Amino acid sequence: MRSSRMVGLLLMLLAASVDAAALRFSLVRTSQTLSSGEYAWRDGGWVQPPPINHIAVLIEHQGSRLLFGTGLGREIDAQLDSELPWRRKRYGAVRPVRDQLDRDDLAVDRIVMGCARWQYASGLADFADVPVLASQEAIRYAHDATPPAVIPAQFAHGVKWQPLRFQRRPYGGFKESLDLFGDERLVLVKLPGHGALGLFLTLEDGRRVFFRGDAADGETSQKPLSAEVLHLHDARLQSQLGFYPRWIQ
């Protein structure tokens, strides 16, 4: 039943009409992980893990354009080589967010740091002059954590941090939240550990989608997300929606 509801939600998303005034988002794929050839035991059998997309979420709302995460950036190879030159790079061809947006003459006003780990923060250096909104915990983690979790070179340009102030206001099963625009259309929530964030988007007709800033295993909240919320963490669901320049609203 849950699978059929997800498919229905996806079809509704794809069928949504284009309205420039409405909140809209686009999944910007910067790369994919490469298969290691190893299998994992799931649901009583051995399966090959699906590919993982390195995604940034491009969002337009109230005349503002922002990114949730950055994906892999222009300097990802050099960034990893600065600390882990021996480590095998498991990602494929990289198409940085900045390159894709520059092609269409699009600029972003702000970046929301969903997670400070290397695979999510790589593209910060490509937007060196853009303010970066993050939780206090994520900022501390970016300064204090060590490789391979965090790569200092990704922050060496001098990030324009803007600490977020969360409220003790439950939302979606999470204890703390922040309504970014004050209209409950973009609501940030704190995820367990290292300051990572989740993002709920509510579209014009009431449909809700959820993005998490990291790929940590386990529960995303104190209780499972509502069945009406489309959790866009799975590469197959992302592919069904499509990638930038496709917009969803």
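So, here's what we can say about the structure. Please read these numbers as outputs of a predicted model, since none were measured by experiment.

Strand pairs in the sheet, formed through backbone hydrogen bonds, run parallel or antiparallel to each other. What the five strands build is an open sheet, ordered E9-E10-E11-E12-E13; its pairing is mixed. Each edge of the open sheet is held by one strand with a lone partner, namely strand E9 (177-179) and strand E13 (229-231). Ignoring strand direction, the axes of neighbouring strands in this sheet form an average angle of 25°.

What follows covers helix H5 (residues 136-144). Along H5, the residues classified as buried are Ala 138, Ile 139, Tyr 141 and Ala 142. Take H5 and look down its axis: the buried residues cluster within an arc of 160°, on one side only. Along H5, the residues that are exposed and aim more than 90 degrees away from the buried face are His 143 and Asp 144. Residues of H5 that are buried in the fold lie against strand E7 (132-134) and strand E8 (161-163).

Turning next to the sheet that holds strand E4 (residues 53-61). With respect to topology, six strands assemble into an open sheet ordered E1-E4-E5-E6-E7-E8, the strand pairing being mixed. Of all the strands in the sheet, the pair left with one neighbour each is strand E1 (24-32) and E8. If you compare each strand with its neighbour and ignore which way they point, the axes differ by 25° on average. Inspection of the sheet shows E4 paired to strand E5 (residues 64-68) by five bridges, in the antiparallel sense. In the strand pairing of E5, Ile 59 is matched with Leu 66. The strands touched by H5 within the sheet are E7 and E8, with E8 carrying the most contacts at an inclination of about 140°.

Calculation notes
Residues numbered from 1 in each chain as written. Predicted model: local features only at pLDDT ≥ 70, side-chain atom pairs only at ≥ 80, totals over all residues. Heavy atoms only, no water. Pairing = 2+ DSSP bridges. Helix = DSSP H or I, 4+ residues; strand = E, 2+ residues; numbered from the N terminus. Axes fitted to C-alpha atoms, helices over the stretch in contact; angles between N-to-C directions. Buried < 20%, exposed > 50% of the residue type's maximum accessible area, 1.4 Å probe, protein only. Arc of directions from axis to C-beta. Contact = heavy atoms within 4.5 Å.

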